[in-house]
Number of protein chains: 2
Amino acid sequence: MAYPTSDLLAARHASARATMAASGLDAFIVVHPPNVRYLTGFTGSTAIVVLTPAEAVFITDGRYTTTVETVVAPNCPGLRLVKVDPNYDATLARIVSEGGARVVGFEAAHMSVKRFDWLQAALGPAGRPALKAVDRVVEAIRVVKDAVEQATFRQAGVLLDAVAADVLASVRAGMRECDLAAEIDYKLRRGGFEKPSFDTIVASGPHAAMPHARPDDRVLAAGDLVVLDFGGVHDGYCVDLTRTVSVGEPGPEARRLYAAVAEAQLAGVGAVRPGAPVTNVDEAARGVLERYGLGPAFSHATGHGLGLEIHEEPRVGPRRADIPGVPPAGTDLILEPGVVITVEPGAYVPGLGGVRIEDDVLVTRDGVEWLTHVARELRVV
Amino acid sequence: MAYPTSDLLAARHASARATMAASGLDAFIVVHPPNVRYLTGFTGSTAIVVLTPAEAVFITDGRYTTTVETVVAPNCPGLRLVKVDPNYDATLARIVSEGGARVVGFEAAHMSVKRFDWLQAALGPAGRPALKAVDRVVEAIRVVKDAVEQATFRQAGVLLDAVAADVLASVRAGMRECDLAAEIDYKLRRGGFEKPSFDTIVASGPHAAMPHARPDDRVLAAGDLVVLDFGGVHDGYCVDLTRTVSVGEPGPEARRLYAAVAEAQLAGVGAVRPGAPVTNVDEAARGVLERYGLGPAFSHATGHGLGLEIHEEPRVGPRRADIPGVPPAGTDLILEPGVVITVEPGAYVPGLGGVRIEDDVLVTRDGVEWLTHVARELRVV
């Protein structure tokens with residue numbers, strides 16, 4: 001496990017503190033685990049960080065205090081460990097009250113109404129310190145990957161290529177979807193990943209017409225298109241790949257479907273460049289499928305950001321200017337070097353099946369770098 | 001995949017509607033995925049249910065509409081599918097506005113402040129319909145497992161016993177923690193589980209002193225205690241088991257630590273019976289460790305409820321009456337037949353290592369039924 005260095009964490013704290021200052025916050029409560037990890041290197045499931053101009057107060061419970069003292073604190077500038085007593089909410093209220101902050105920001109997208117109501121009441125009727133809902137403070141920083149994160153992604157892509165080549169060579173008629181999924185997950189772990197980055201999808205025949213089918217005991221049979229969508233976590237970072245194989249020679253309709261999606265994917269990746277709106281990527285991929293008459297068969301976004309979460313900003317989807325009142329949440333992003341996204345158009349046709357092809361790409365100064373490379377041609381098994 | 005039957009879902013809807021009526025709700029927004037699954041059988045990641053006296057309005061997006069139409073709707077009484085347009089929040093606001101409800105409950109523990117604020121604004125300044133924060137409506141129903149759920153747990157326990165026996169027979173000095181974890185996860189999948197129910201823990205030597213260490217490339221060596229904590233998901237339900245093995249003959253201190261934890265676990269399970277407060281289970285286990293002078297070494301709760309989530313109500317922890325303002329969230333539960341919990345005391349001693357022993361038990365009409373049975377004696381490898 002590589003932990004972020006002190007310098008890296010200091011830079012992330014500085015970025016968050018700049019946003020805090022611009023938003024008039026004296027302190028900022030971070031509850032979302034990937035954001036806690038991004039700011040501290042902590043990999044556990046439960047902790048709260050209260051970032052102030054001088055400190056990163058780290059609240060966690062007895063399960064994690066030894067880890068924090070020995071592994072996290074030495075690398076994290078300004079970390080002050082506070083052990084939960086008697087519970088998280090009460091400890092947080094105490095820290096916020098004692099800190100002397102007047103305006104305390106919190107992550108509105110990640111704090112539940114229940115916790116907010118409790119905290120508000122615990123801080124007293126005077127409403128001091130005042131809680132202020134803020135959004136995307138850490139997420140906005142996370143969109144652009146720094147050099148260390150980019151290196152992690154390149155390593156993860158190489159690992160995933162090797163696993164994928166192995167997986168594709170192992171697909172056979174007669175296998176059950178669930179067994180193939182188990183093989184994939186095992187290969188991911190043996191291939192150097194900490195764990196799968198999401199529930200592996202093996203969707204065969206009619207299941208392939210459902211973009212998010214779960215593997216079950218269906219047996220792969222001649223005539224099936226089989227969508228394999230899997231990925232792993234490497235040093236905390238998620239990569240994600242989809243290939244579609246044909247069991248036996250595909251018919252002309254299946255070949256046409258595959259060709260359309262492959263062309264759409266190349267068009268999507270071709271639209272990835274610094275300075276371009278991320279919506280261009282979706283438009284390029286979707287436009288190809290629409291020309292094939294497959295617009296309605298493409299029922300999801302073209303991709304998503306990757307990072308400490310398998311789905312993070314930006315959403316690589318259609319332009320959303322026409323949705324009143326919906327915050328863009330990264331859909332209006334202008335691509336810049338360091339952004340990592342998936343490009344994964346698909347087409348799903350009941351009665352025929354489905355095709356999805358997905359790779360991960362990094363926006364560079366010059367254009368785009370493919371992070372995954374395993375053969376994209378239709379594989380017939 | 002076994003989907004709940006119509007009768008079962010109708011009974012769950014009736015329970016939820018009884019709570020709605022008692023809370024004065026005309027409609028109830030369910031956003032927490034396990035609660036959505038419990039009420040409908042839907043296994044996907046994203047959907048919102050608006051339960052009304054007559055309907056279960058089911059909001060989901062294009063990824064899932066085919067699955068809902070073909071698999072979920074036929075079994076779910078009163079389901080009306082509404083496809084997301086243009087996004088979840090806006091669709092939810094429309095459904096709530098059109099439904100004519102005056103008081104609409106929502107899950108305060110699972111709705112973010114961001115979504116609440118948006119929804120409140122979208123429903124208009126008149127505040128009609130009024131949103132009302134409610135808590136534990138579905139969770140309270142889920143605590144007591146019905147006959148079908150109990151049968152699922154018994155099957156899952158048998159599956160986990162077989163996997164655990166296989167795992168324990170495979171532990172060897174010289175293995176890396178991460179490789180052993182990969183083997184465990186593969187055995188879980190090959191053993192009939194959909195996936196691991198949480199990140200498998202393999203904590204050896206000094207890592208064993210950290211209750212939630214992550215497996216890394218440390219190699220198992222003579223003198224190590226090794227904590228193996230793993231479980232699987234079977235038909236959506238989570239089971240969870242921990243065994244501790246010794247690499248080479250353990251010293252007297254390690255043997256004493258093991259004996260204390262084993263005695264504590266038996267005492268904990270011995271306190272499980274209908275009519276008893278769940279805190280009795282923690283008191284019984286904790287009392288044993290305190291008598292051994294290991295009270296401070298036992299830094300977590302004795303257990304937790306199991307179900308569609310790996311951690312659900314009740315918390316099997318110390319009595320919390322002394323914590324002002326903290327809602328009990330199931331810690332004050334009186335055990336009744338159908339409740340499923342883990343009993344997993346541990347002791348963690350820097351310099352020596354750690355021991356945890358965990359089984360899953362079902363409260364019966366007469367007392368307690370062990371769901372997991374694999375040998376609990378200290379295994380020396």
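Residues numbered from 1 in each chain as written. Chains lettered and ligands numbered in written order. Predicted model: local features only at pLDDT ≥ 70, side-chain atom pairs only at ≥ 80, totals over all residues.

Could you clarify how one ought to interpret the nonpolar core in this entry?
Nonpolar side chains tend toward joint burial in soluble globular proteins. Judged by nonpolar contacts, the single largest core of 224 residues is most densely connected at A:Val49, A:Val226, B:Val49 and B:Val226. Residues contacting B:Val49, with those up to four places away along its chain left out, are B:Val30, B:Val36, B:Leu39, B:Thr40, B:Ala56, B:Val57 and B:Phe58. (Core = buried A, V, L, I, M, F, W, Y, C linked by C-beta atoms within 7 Å. Buried ≥ 20, exposed ≤ 12 C-beta atoms within 10 Å, placed from the backbone. Contact = placed C-beta atoms within 7 Å.)

Explain the interface of chain A and chain B to me, please; I cannot follow it from the model alone.
A common way to report how large an interface is uses the accessible area buried once the components associate. With 42 residues of chain A at the contact, the number on the chain B side is 43 residues. The residue inventory of the side of chain A that touches chain B, partitioned by class, reads 19 nonpolar, twelve polar and eleven charged. (Nonpolar A, V, L, I, M, F, W, Y, C, P; charged D, E, K, R; others polar.)

So what exactly am I meant to see when it comes to the sheet that holds strand S12 (residues 241–246) of chain A here?
Pairing between the strands of a sheet comes from backbone hydrogen bonds, and it takes one of two forms, parallel or antiparallel. Residue and element names in this part refer to chain A. On the basis of which strands lie adjacent, the open sheet formed by four strands has the order S8-S9-S12-S20 and mixed pairing. Lying at the two open borders of the sheet, with one neighbouring strand each, are strand S8 (201–204) and strand S20 (379–380). The pairing of strand S9 (residues 225–230) with S12 spans six bridges and is classified as antiparallel. When the sheet's bridge partners are listed, Asp-229 is paired in S12 with Thr-242. Here helix H7 (residues 147–170) sits on the sheet and contacts S9, S12 and S20; the angle it forms with S12, its principal contact strand, is near 20°. Here helix H8 (residues 177–190) sits on the sheet in contact with S8 and S9, set at roughly 150° to S8. (Pairing = 2+ DSSP bridges. Helix = DSSP H or I, 4+ residues; strand = E, 2+ residues; numbered from the N terminus. Axes fitted to C-alpha atoms, helices over the stretch in contact; angles between N-to-C directions.)

Even after reading the chapter, I still don't get the sheet that holds strand S10 (residues 232–234) of chain A, so can you show me in this structure?
Residues and elements named next belong to chain A. Ordered in space as S7-S10-S11, the three strands form an open sheet in which the pairing is antiparallel. Two strands lie at the open edges of the sheet, namely strand S7 (195–196) and strand S11 (237–238), each paired on one side alone. As judged from the two bridges shared by S7 and S10, these two strands associate in the antiparallel manner. Within S10, the residue paired with Pro-196 across the bridge is Gly-232. H7 rests against S10 and S11 of the sheet, and its axis sits at about 140° to S10.

What am I meant to see in the relation of the copies chain A and chain B here?
The second copy of the chain is related to the first by a rotation about an axis and a shift along the axis. Its rotation angle being 180°, the transformation that places chain A on chain B also includes 0.0 Å of axial translation and leaves an RMSD of 0.0 Å. On this basis, the relationship between the two copies can be described by a two-fold rotation axis. Closest approach to the rotation axis within chain A is made by the C-alpha atom of A:Ser112, at a distance of 2.1 Å. (Least-squares fit on C-alpha atoms with pLDDT ≥ 70 in both.)

What's the story with helix H4 (residues 88–98) of chain B in this structure? I'm lost.
A turn of α-helix holds 3.6 residues, and therefore any two residues three or four places apart point the same way. All names here are of chain B. Those residues of H4 not exposed but buried are Leu-92, Ile-95 and Val-96. Within H4, the buried residues cover an arc of 95° as seen down the axis, which keeps them to one side. Elements in contact with the buried residues of H4: strand S1 (27–30), strand S2 (48–51), strand S3 (56–60), strand S4 (79–83), strand S5 (103–107) and helix H5 (113–122). Phi turns positive, to about 80°, at Gly-100, one or two residues after H4. (Arc of directions from axis to C-beta.)

Mind showing me how you'd approach the domain arrangement of chain A here?
All names here are of chain A. We note that the domain assignment places domain 1 (6–142) and domain 2 (147–380) within chain A. Contacts between domain 1 and domain 2 engage seven residues on the former and seven residues on the latter. Among the elements that take part in the side of domain 1 that touches domain 2, helix H2 (residues 33–40) stands out by supplying three residues, more than any other. For the side of domain 1 that touches domain 2, the class distribution of residues is three nonpolar, one polar and three charged. (Domains from an automatic or database assignment.)

Just checking my understanding: could you explain the pairing of strand S16 (residues 346–349) of chain B for this structure?
Walk down a regular strand and you will see the side chains alternate between the two sheet faces. Residue and element names in this part refer to chain B. With four bridges joining them, S16 and strand S17 (residues 353–356) adopt antiparallel strand pairing. Bridging from a neighbouring strand, Val-349 pairs with Gly-353 of S17. What sits between the antiparallel neighbours S16 and S17 is a turn of three residues, in which Gly-351 has the positive phi angle 95°.

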